[in-house]
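Summary of structural features
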Amino acid sequence: MGHLLSKEASSLSQDRDRRCRRGRKVPPRSRSCFLRGPCMLCFIVHSASPPAPEQPLPAGDPLLPPPPYAALASAEQRAARRLLRLPPAAWEPRGRCQRLLLSGLLPSPVRGLLGPAIPPGEVASEMVCKRKGAGLPACPPCKQPRCAAAAAAEPEAAACQCPGEAQLCALPAADSCAAGGGDAPSREAAGDSGGGRQPASPPPPPPAPEEEGEKEKGGEEPLEQPGECCREPLPPPAPDINQLPPSILLKIFSNLSLNERCLSASLVCKYWRDLCLDFQFWKQLDLSSRQQVTDELLEKIASRSQNITEINISDCRNVSDTGVCILAIKCPGLLRYTAYRCKQLSDTSIIAVASQCPLLQKVHVGNQDRLTDEGLKQLGSKCRELKDIHFGQCYKISDEGMIIIAKGCLKLQRIYMQENKLVTDQSVKAFAEHCPELQYVGFMGCSVTSKGVIHLTNLRNLSSLDLRHITELDNETVMEIVKRCKNLNSLNLCLNWIINDRCVEVIAKEGRNLKELYLVSCKITDYALIAIGRYSMTIETVDVGWCKEITDHGATQIAQSSKSLRYLGLMRCDQVNEATVEQLVQQYPHITFSTVLQDCKRTLERAYQMGWTPNMSTAS
């Protein structure tokens with residue numbers, strides 16, 4: 001068909017005959033149709049509807065002269081004359097050629113021969129271009145010949161091997177392409193119905209292999225591998241975590257640590273990286289013990305997320321006052337600032353944080369040797385919302401700075417001082433008078449005496465009191481505090497040699513809400529343990545380590561009599577036998593006994609549970 005519709009059909013045949021007479025090898029015919037593309041029959045899909053009856057040609061069609069036809073001058077008219085020489089059976093299924101007529105692929109003389117087109121309302125659903133597989137079902141393609149003559153030589157290729165699918169056929173003379181050997185009877189029947197027209201010419205010999213190769217290259221491209229349409233459908237894809245809403249993914253990522261988000265999750269894909277950079281994850285930053293944290297990194301973090309509310313730069317030795325000042329300037333909403341053991345920082349960083357972050361609520365800057373009262377004065381005058389301060393082991397802090405904080409920060413709830421030798425009873429008195437909401441007070445190792453501690457009885461909300469290593473603390477002061485502070489639930493009296501059994505008995509009787517009592521290295525005996533077991537109904541934790549007067553009798557009596565006890569510390573109580581402790585462990589499994597041997601056993605048990613196995617190989 002492509003050769004018949006070629007613009008130079010006559011010249012091609014004459015040139016071919018001339019070269020055959022000279023004895024040359026004739027190259028395969030050019031497949032260039034007037035469309036400069038694949039053969040038009042590649043666009044035809046077989047229709048299962050029965051052929052429509054032939055209709056007469058319109059009498060007044062100006063495109064076709066009445067027979068006998070006049071001389072046709074143009075190439076399209078000559079091609080139409082060649083088409084007219086075909087037998088009527090070749091044009092019997094009128095519907096196929098009308099699709100070409102509608103698509104504008106046939107020249108105007110041939111369009112006149114094919115009769116009226118399909119009505120505008122009818123859609124030719126079988127008109128599908130087979131190039132690039134557009135619009136075809138997932139079925140192995142049937143090999144489509146270019147013309148009826150080539151199709152007769154390959155009858156097996158005219159039928160699709162997939163049952164139940166619409167079959168493709170390139171034979172205009174055949175009524176059905178599914179029958180493999182019924183081509184000849186179909187052509188004879190079609191010729192008889194033509195009303196005396198010439199029968200179809202015999203099929204030419206099969207084309208050469210070279211022509212088949214060119215036919216496959218220039219004609220069509222296979223859509224899929226043969227048999228793919230008969231395979232079983234693939235299982236549905238597994239659910240993807242990225243299909244979850246971003247809010248749920250952010251909730252999941254919130255359970256990850258900073259290392260897990262930055263070093264693991266953010267490296268999965270760009271989407272996860274963007275989620276890990278969400279502002280809510282950069283509100284609370286724990287950068288402690290990271291030596292790679294510098295001033296430049298702090299500046300970049302502060303520039304990217306200016307809504308940081310909490311930051312911890314403890315043990316970051318490469319951070320200077322400059323980095324902290326930039327952080328304070330760019331993050332005015334900072335609420336909690338922690339910088340333990342940053343000895344390189346001075347008052348400059350605290351002053352910047354206090355002046356730029358007026359909403360500051362927590363300042364933990366323990367073990368900073370360069371911090372003085374100047375920084376504390378700025379905190380007390382500008383941070384009125386301050387609730388939690390920790391200045392332990394800041395040896396240059398004195399009562400001057402502490403009193404200013406006590407008078408300026410009236411909402412203080414927690415204060416902890418450790419080994420601040422310049423802090424005396426004046427500071428304790430100032431906090432007791434100006435900060436009524438104090439709940440946790442610690443003055444471990446400070447120059448505080450009973451005269452200052454007695455002022456803490458004014459704190460009705462006091463719940464935790466740390467009076468470790470107060471050299472001038474007497475028993476009467478401790479008993480008075482326990483009597484008047486009804487909400488006290490934790491009392492730490494370690495390293496106070498003056499605390500005796502009488503004081504412990506009063507504590508057990510008066511401490512109605514007391515749950516934790518620490519008496520390490522105090523001057524107590526078994527009577528103190530017996531009094532706790534007898535009078536206290538709330539104490540759950542008792543630590544009497546390093547008390548040399550404690551024996552097996554006291555440990556046994558408190559374990560038997562106390563109904564609330566859950567922990568008993570007996571570390572380095574030399575008069576307590578390990579065999580006795582082992583019996584107590586078996587008799588009272590709800591109580592944890594702390595000795596050297598028992599702690600080692602628990603450590604080994606946890607190691608075994610985590611999968612640790614001892615190395616049995618002996619050293620060489």
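Before going into details, it helps to say that this report is about the structure given with it.

Calculation notes
Residues numbered from 1 in each chain as written. Predicted model: local features only at pLDDT ≥ 70, side-chain atom pairs only at ≥ 80, totals over all residues. Heavy atoms only, no water. Helix = DSSP H or I, 4+ residues; strand = E, 2+ residues; numbered from the N terminus. Buried < 20%, exposed > 50% of the residue type's maximum accessible area, 1.4 Å probe, protein only. Contact = heavy atoms within 4.5 Å. Phe/Tyr/Trp six-rings, centres within 6.5 Å; stacked < 30°, edge-to-face > 60°. Lys NZ or Arg CZ within 6 Å of the ring centre and 35° of its normal. Salt bridge = Lys/Arg side-chain N within 4 Å of Asp/Glu carboxyl O. Pairing = 2+ DSSP bridges. Right-handed = clockwise from strand over helix to strand, strands pointing away.

Structural notes on the overall build of the chain
Of regular secondary structure, the chain possesses 23 helices and 13 strands. Residues counted as buried form 44% of the 620 residues belonging to the chain. Across the chain, every contact between residues at least 6 apart in sequence was considered, and the portion connecting residues at least 24 apart equals 72%.

Considering the packing of aromatic side chains
Tallied over the full model, the rule gives 3 aromatic pairs. With 6.5 Å between their ring centres and 35° between their planes, Y416 and Y440 make a pair best called tilted. Highlighted residues: Y416 in strand β6 (residues 414-418) and Y440 in strand β7 (residues 440-444), separated in sequence by 24 residues. For the pair formed by Y416 and Y440, the shared burial category is buried. Between Y608 and W612 the ring centres are 5.5 Å apart and the planes differ by 45°, which places this aromatic pair in the tilted class. Its end group placed over the ring of Y440, R414 keeps NZ or CZ at 4.3 Å from the ring centre.

Thoughts on the pattern of salt bridges
The final tally for this structure, using the stated rule, is 17 salt bridges. The shortest N-O distance in the salt bridge between D369 and K343 comes to 3.4 Å. A residue pair is termed long-range when its members are at least 10 positions apart, and D369 in the loop between β4 (362-364) and α14 (373-382) and K343 in the loop between β3 (336-338) and α13 (347-356) qualify at 26 residues. Across the pair E385 and K411 runs a salt bridge whose closest N-O atoms are separated by 3.0 Å. Remark: K411 occurs in the loop between α15 (399-408) and β6 and E385 occurs in the loop between α14 and β5 (388-390); sequence separation between them is 26 residues.

Side note on the environment of G401
Its location among the elements puts G401 in helix α15. Owing to a relative accessible area of 0%, G401 belongs among the buried residues under this scheme. Remark: the alpha-carbon pair of G401 and L379, spanning 22 residues in sequence, is separated by 9.2 Å.

Quick look at the pairing of β6
In the case of a regular strand, side chains alternate between the two sheet surfaces. Counted residue by residue, β6 has 4 buried out of 5 residues, so it is predominantly covered. As paired strands, β5 and β6 are joined by 3 bridges and run parallel to one another. Paired with H390 across the bridge in β6 is Y416. Handedness of the β5-α15-β6 crossover: right-handed. Where β6 and β7 come together, 5 bridges link them in parallel fashion. Within β7, the residue paired with Y416 across the bridge is G442. Crossover β6 to β7 through helix α16 (residues 425-434) is right-handed.

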